[in-house]
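The primary structure of each chain is shown beneath.
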Amino acid sequence: MTKKYAFYVLLIVAVMLAACGPAATPAPEEPMPEAPTQAPPEATEAPAMEEKASFAFELVAEDDGASPEGAAAVANKLVADPTFVAMGGHAFSGATAAAIPIYEAAGIPMLSPSATNPDLTKSGSAVFNRNAFTDVEQAKAAAEFIFNNLGFTKLAAMHDGGDYGQGLAQLVADNFTAMGGEVVAFEAITPGETDYTAVLSAVAAKSPEVLYFGGYNAEGAVITNQMAQSGLEGVVFFGCDGTFGADFLEKTGANGEGAYATTLVPASSPEKDAFDAAYTERFGVAPGVLSPYSWNAFDAGNALMTAVTQVAVVSADGEPEACASDAFGCAVIEPGQTIKVGYSGPITGDYAAFGQDMSQAMMIAVDAFPPIEGEGTLYIPRGALVTAVRTMSDFQGIAGTITCQENGECNASGPVLYVIQDGVWTPAAR
Amino acid sequence: MSMTKSSVQPIQKPWTSGRVIRLVLAIIVIALLLWRLYTVLVVQADYGPETWVRFSISGLIIGGMYALIAIGYTLVYGILFMINFAHGEVMMIGAFGGYFIFELLSSIVLSNGQTFNDANPALSIILAFAAGGTASAVAGYFLERIAYRPLRKAPRLILLITAIGASTFLQNAAMLLFGPQRRDYTNPEALTRGSGWTVVINNSNVTLTYTGVMSFVLSIILMAALYYIVQRTKLGRAMRAVSQDKNSAALMGIDVDDVISKTFIISGLLAGAAGVMWGIHNGLVNHYTGFLPGIKAFTAAVLGGIGNIPGAMVGGMVLGIVESVGPAALGLDFQLKDVIAFTILILMLLFRPSGLLGEALTEEKL
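What follows covers helix α7 (residues 210-232) of chain B. In this model, α7 of chain B (23 residues) spans 32 Å end to end at C-alpha, consistent with the 33 Å of a helix rising 1.5 Å per residue. Those residues of α7 of chain B not exposed but buried are T211, G212, M214, S215, S219, M223, L226 and V230 of chain B.

Looking at where T243 of chain A falls in the secondary structure, it is placed in the loop between β9 (236-238) and α9 (246-252). The buried category is assigned to T243 of chain A, whose relative accessible area is 0%.

We now examine the side chain of K272 of chain A. Tracing the backbone shows K272 of chain A in helix α10 (residues 270-283). Contacts of K272 of chain A, omitting those with residues within four sequence positions, involve P266, A267, W295 and I398 of chain A.

Here we take up the domain arrangement of chain A. All names here are of chain A. Here chain A is described as being made up of domain 1 (41-130 + 283-402) and domain 2 (135-263). Listed as interface residues are 13 residues of domain 1 and, on the opposing side, 15 residues of domain 2. Counting the surface lost from both domain 1 and domain 2, the interface buries some 1,200 Å², and carbon and sulfur atoms represent 55% of this. If you sort the residues of domain 1 by the area they bury against domain 2, T116, P292 and Y351 come out on top, with a joint share of 34%. Counting every contact that joins domain 1 to domain 2 gives 0 salt bridges. Counting the contacts that link domain 1 with domain 2 gives 2 residue pairs in polar contact (both at pLDDT 80 or more). Partitioned by chemical class, the residues of the side of domain 1 that touches domain 2 number 7 nonpolar, 5 polar and 1 charged.

Turning to the interface of chain A and chain B, a few remarks are in order. At the interface, 38 residues of chain A touch 32 residues of chain B. Sorting the residues of chain A by area buried against chain B places T194, Q229 and K251 of chain A first, and these three jointly supply 22% of that buried surface. The interface formed by chain A and chain B includes 2 salt bridges. For K337 of chain B, the salt bridge is made with E193 of chain A, and the minimal N-O distance between the two is 2.8 Å. Scanning the region where chain A abuts chain B turns up 12 residue pairs in polar contact (both at pLDDT 80 or more). Mapped by element, the contributors of at least two residues to the side of chain A that touches chain B are β7 (182-188), α7 (197-204), α8 (217-226), α9 and α13 (352-368) of chain A. Take the side of chain A that touches chain B: its biggest share by element is 6 residues, from α7 of chain A. Of the residues assigned to the side of chain A that touches chain B, the class counts are 15 nonpolar, 13 polar and 10 charged.

Core analysis: the largest hydrophobic core is formed by 114 residues, its most contacted members being L211, I223, I339 and I380 of chain A. Of the residues forming this core, the biggest block, 10 residues, is contributed by helix α11 (residues 294-311) of chain A. Dropping the residues within four chain positions of it, I339 of chain A is found in contact with F55, A56, F57, E58, T83, V85, V308, I333, I372, L378 and I380 of chain A. Listed in part, the 75 residues of the second largest apolar core include L191, W278, M313 and L319 of chain B.

Residues and elements named next belong to chain B. Between its terminal C-alpha atoms helix α12 (residues 309-329) stretches 29 Å, which fits the 30 Å expected from 21 residues at 1.5 Å a residue. Approximately 35° is the largest bend angle found in α12, and it occurs at E323, with the proline P327 only one to four residues beyond. Judged by how many residues are buried, α12 sits mostly within the fold: 17 of 21 residues are covered. The N-capping residue of α12, defined by a side-chain oxygen 3.1 Å from the backbone nitrogen of G311, is N308.

On inspection of all chains with the given rule, the structure shows 20 salt bridges over all chains. One salt bridge connects R282 of chain A with D367 of chain A, and the closest N-O pair in it is separated by 3.0 Å. Here R282 of chain A, found in helix α10, pairs with D367 of chain A, found in helix α13; they are 85 residues apart in sequence, far enough to count as distant. Using a relative accessible area of 41% as the deciding quantity, one classes R282 of chain A as partly exposed. The class of D367 of chain A is partly exposed, set by a relative accessible area of 44%. Salt bridges here are not isolated pairs; linked through shared partners, they connect E193 of chain A together with K296, E323, K337 and D338 of chain B.

All names here are of chain B. Relative to each other, α7 and α12 sit at 165°, their axes nearing to 10 Å. One element, α7, and the other, α12, form an angle in the roughly antiparallel class. Seen along the crossing, α7 lies across α12 with a hand that is left-handed. Facing α7, whose interface residues are F216, I220, M223, L226, Y227 and V230, α12 presents I309, P310, M313 and M317. When the residues that make up the contact of α7 with α12 are grouped by side-chain class, the tally is 10 nonpolar, no polar and no charged.

Moving on to the environment of G181 of chain A. All names here are of chain A. With respect to the secondary-structure elements, G181 resides in the loop between α6 (163-179) and β7. Placed 207 residues apart in sequence, G181 and A388 show a C-alpha to C-alpha distance of 43 Å. For G181, the residues in contact, after removing those within four places along its chain, are F147, T153 and F176.

All names here are of chain A. Within the open sheet, the 3 strands sit side by side as β11-β15-β12. Their pairing is antiparallel. The open sheet has two free edges, formed respectively by β11 (313-315) and β12 (330-333), since each of these has just one partner strand. Ignoring strand direction, the axes of neighbouring strands in this sheet form an average angle of 25°. By the bridge criterion, 3 bridges tie β11 to strand β15 (residues 377-381) in an arrangement that is antiparallel. Across the sheet, the residue bridging to V314 is L378, located in β15.

It is worth spelling out the state of the cysteines at this point. All names here are of chain A. Per the stated rule, a full pass over the model turns up 2 disulfides over all chains. The disulfide that involves C404 links it to C410, with 2.0 Å between the sulfurs. Across the S-S bond of C404 and C410 the torsion is about 105°, and the bridge reads as right-handed. Of the two residues, C404 and C410, neither departs from the other in class, the shared state being buried.

Criteria and thresholds
- Residues numbered from 1 in each chain as written.
- Chains lettered and ligands numbered in written order.
- Predicted model: local features only at pLDDT ≥ 70, side-chain atom pairs only at ≥ 80, totals over all residues.
- Heavy atoms only, no water.
- Helix = DSSP H or I, 4+ residues; strand = E, 2+ residues; numbered from the N terminus.
- Expected span 1.5 Å × (residues − 1).
- Buried < 20%, exposed > 50% of the residue type's maximum accessible area, 1.4 Å probe, protein only.
- Contact = heavy atoms within 4.5 Å.
- Domains from an automatic or database assignment.
- Buried area = accessible area lost by both parts, 1.4 Å probe.
- Salt bridge = Lys/Arg side-chain N within 4 Å of Asp/Glu carboxyl O.
- Polar contact = N/O pair within 3.5 Å; in protein donor to acceptor, adjacent residues only side chain to side chain.
- Nonpolar A, V, L, I, M, F, W, Y, C, P; charged D, E, K, R; others polar.
- Core = buried A, V, L, I, M, F, W, Y, C linked by side-chain atoms within 4.5 Å.
- Bend = angle between axes of the 7 residues up to and from the residue.
- Axes fitted to C-alpha atoms, helices over the stretch in contact; angles between N-to-C directions.
- Parallel < 35°, antiparallel > 145°, perpendicular 65-115°, else oblique.
- Left-handed = near helix turned anticlockwise from the far one by under 90°.
- Pairing = 2+ DSSP bridges.
- Disulfide = S-S within 2.5 Å.

So, in structure tokens, the structure goes:
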């Protein structure tokens, strides 16, 4: 019986603790948004309007689980925050499509590092931009390379059934047929599995010369490893930007030799090396390992913050003229508050590595970006910011130049074809 | 568990309208299937015999793993009448156990320059299975002690929700502990993935991978061992007694809690072995590894008749083969293999709810 009493006493204590937990610490709960994490101490004094204030950027990384429902929830949550000004996402094409209308209504510019489905920029959205290259360009480059440079005429196309993978595989197949090649098989796989020998055996029965895959590393590496044992010996694996990266090399080993991929991974430069070093030091893993989009995400974050700096006005005496004339009004950032830049991707679940990688890369960009200095309150006209991102030109990122066209396509550098030679990704000779 | 077949005479059922509708439906479904099979196999004839052999090999290997996991569902259901939805995660923990042993062994370099892993493949594999089995058994034991035992008297629905909660907890704990990226199993050189015996069928090389053959043989051995334990040992008799009637079993001097703990340990061991096989054969593990096989194995257990051990074995094999052969045989897209698997589940529940081999329901379970 004493045991039972002890249990109830413990239970009551636990319930009391649980009840008191938030109540006992109300202080950090309330002023959290204004927590002067980055601002100098004098900024905390409210009446000190004449003092020089410093407005730092802050990354809000949200988990949308790569799903349209999750993305809509994240977008609705973020637009409710008055200090949230720009979105460096979303990560996946399907999720992005669901989130665009919500940002459109709130006047939040987007710059996605990885959503590559072509339809996204065809809807006429004013807010959606991306610095990933589109699947149209990527598919054209891949099909031309396979047909003209490699000289193959029998192609098998496979995809993971997602917006991105299926769209890409379809585009490659269309391009290839238009050029005069033959698409002998077009198969879908279930993403997230580790045994694709059955579907590969079915593809092998159609004897293709090259296997194009639209999808991601996880599945691409499994397919590459299981090709030989499924009757596809000597067939070339041709991937996309989703299958590029150190992770693919590591997972395929000798099986990966001769595999192709398209990518936007930049050549070495001092800026890239500095970023690589900072990322590796902070997160204990090199960029490109968790996902191939690390550099793009870093650029997207920097480009958005640069645009914010261009349009932001610091004023000590009320709302500036720019706010009154702006269609969406201004984001008002009081001294001590931070300017919130968002990221959204799958931070948990099967594709967690993608979301975590991009949010980490963006975190490095945001933490290193200089704060906006000035006296008074910071005003960011939202409509002007949307325009500033859309009209961005010649922004030099580490992954290439960002110049936005009228439809929101901002990648001005295009895809690069890589092939694995002696266990290293090497630019393929065209 | 319906190990003991009772000699109940089948009752003559009346021809109700429901029964007639079901019969007509069944005839339509079977006719459709036969027509589809005829079109694909005879009219289109896309695939030669070598391709069918490859499909079957893939199916048998994955089926063996499904069967091992499905046994865990069935054992626990037989004893506690609950679906242990965290069982897939128990398998994932076993996969990680094996992964870390292989990592450790491949980091030991012997005097002749070989790693311990490559020099002693048999010993390394035994160690990996031991570690994986132990990790899963420990996980299963504590899962029962912490999550299920305090709710022994609670309604079954509460246990089900707890199981789902435990599953999510274990998945996310593994993600925080081991990171979200997929990890590569370092097999001993002798068991390199993709290498194997080559059989020439119809002028085409069909590969019987070493890892696949090992997985299949080992799963058969483990199933036989389990069958022996349940049928021939004192523990097995106690388990069967507890599954039939907990109170009477306790009156006969059986420590019910102990038997339940041991059931979780045994199903953990089998799931752990399946996890290590999964890693050795498929190569990649992460915190999500157990989710899909867990769901599939649950399907397999229902297919064979939940609570029925040979049923789980047969259900696993059938599900594995249906998944790999089904899409091709019906001329469907391979992405639809799960649709086929779950359609079979629905048809089974409609036409034969007790599963392929049947489930003996005691009064208490109903």
